[in-house]
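Each chain, written out:
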Amino acid sequence: MNNAGNVLYTIMEWITRFAYVQLLWIFFSLIGGIFLGFFPSTVAMFAIMRDWLRGKAEQPLFKTYLTYYKKDFWKSNRFGMLLMTVVLLIGADIWFVRFYGSILPTWTFSPLFAFILLFSIYLCYLFPAFVHYDLNLGKLFKNAFLIMLIHPLHSLLMAVCFLSLYFVIDFLPALLFLFGAPSTAFIATWLCLHAFDRIQKKQRV
């Protein structure tokens, strides 16, 4: 019974931590006026997930989150502006497809959908790479893309995990508001760290 109690306590502790990170992510996004706060807050969230996966779960959460938020505030916003440029271009393409879709051959939509899928997977590597490596943005984008290319199994596992998470949240929508963002960041960081460690081991040989 004692063991069961310890397991239940651990589960509740981690649920509380994830919910707290969700609140911090929203709070720090808002205090940056959303436009300037979203990407620094998201980067801070991924940095927290990296710390947890590296065995640093006992650090004071608010203080650590604030430190990461301020540390790369401007760099993460430059990073975000580049990503938003791509997102806006994708949005314009989607609008074009919706508006002119009836007069275009169906096969012409395939490259756009393939690019959206590839870009979504790429994002899952970009944020963990941002907090893991100390690189300028040019090298960051290049290295994250190369890591994605040489680890297709990790990309497949990400897709499976995110699809499973989607079905869970679809069944219990309240979970999205409780810890949807940190759960996504945790999965991406967990798989990416495994890929980063494999690369590091190969470099040592």
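Residues numbered from 1 in each chain as written. Predicted model: local features only at pLDDT ≥ 70, side-chain atom pairs only at ≥ 80, totals over all residues. Heavy atoms only, no water.

A.B. asks: Sorry, what's going on with the state of the cysteines here?
C.D. replies: Note on terminology: disulfide describes a covalent bond linking the sulfur atoms of two cysteines. Across all of its chains, the model carries zero disulfides by this definition. Here Cys124 stays unpaired: no disulfide links it, and the sulfur of Cys192, its closest cysteine neighbor, is 7.2 Å away. (Disulfide = S-S within 2.5 Å.)

A.B. asks: Can you walk me through helix 3 (residues 61-71) in this structure?
C.D. replies: Residues lying three or four places apart along an α-helix face the same way, a consequence of the helix completing one turn every 3.6 residues. Three or more residues of helix 3 are buried, namely Leu61, Thr64, Tyr65 and Tyr69. Each buried residue of helix 3 lies within a common arc of 135° when the element is viewed along its axis, so the set occupies one face. Of the residues in helix 3, the exposed ones pointing more than 90 degrees away from the buried face are Lys63, Lys70 and Lys71. (Buried < 20%, exposed > 50% of the residue type's maximum accessible area, 1.4 Å probe, protein only. Helix = DSSP H or I, 4+ residues; strand = E, 2+ residues; numbered from the N terminus. Arc of directions from axis to C-beta.)

A.B. asks: I tried to follow empty space enclosed by the protein on my own but got confused; where do I start?
C.D. replies: Over the atoms, a rolled probe matching the size of one water molecule traces out where space is still vacant. Under the criterion given, the structure shown has one cavity of 30 Å³ or more. Taken as a whole, the largest cavity holds about 30 Å³ of empty space. At the level of secondary structure, the elements contributing two or more residues to the lining of the largest cavity comprise helix 2 (38-53) and helix 3. Element by element, the count of residues in the lining of the largest cavity is highest for helix 2, at three residues. Looking at the lining of the largest cavity, its residues break down into four nonpolar, two polar and three charged. (1 Å grid on protein atoms, 1.4 Å probe; cavity = no way out; pocket = protein on both sides within 12 Å on 5 of 7 lines; lining within 4 Å. Points joined across faces, edges and corners; volume = space filled by probe spheres on them. Nonpolar A, V, L, I, M, F, W, Y, C, P; charged D, E, K, R; others polar.)

A.B. asks: Would you mind going over the nonpolar core with me for this structure?
C.D. replies: It is characteristic of soluble globular proteins that their nonpolar side chains tend to be buried jointly. Residues Tyr65 and Phe79 are the most contacted members of the largest nonpolar core, which totals 52 residues. At the level of secondary structure, the elements contributing two or more residues to this core comprise helix 1 (2-31), helix 2, helix 3, helix 4 (73-100), helix 5 (110-132), helix 6 (137-150), helix 7 (152-171) and helix 8 (174-204). Here this core gets twelve residues from one element, more than from any other, and that element is helix 8. Excluding its chain neighbours within four sequence positions, the residues that come into contact with Tyr65 are Val21, Leu24, Trp25, Phe28, Ser41, Ala44, Met45 and Ile48. (Core = buried A, V, L, I, M, F, W, Y, C linked by side-chain atoms within 4.5 Å. Contact = heavy atoms within 4.5 Å.)

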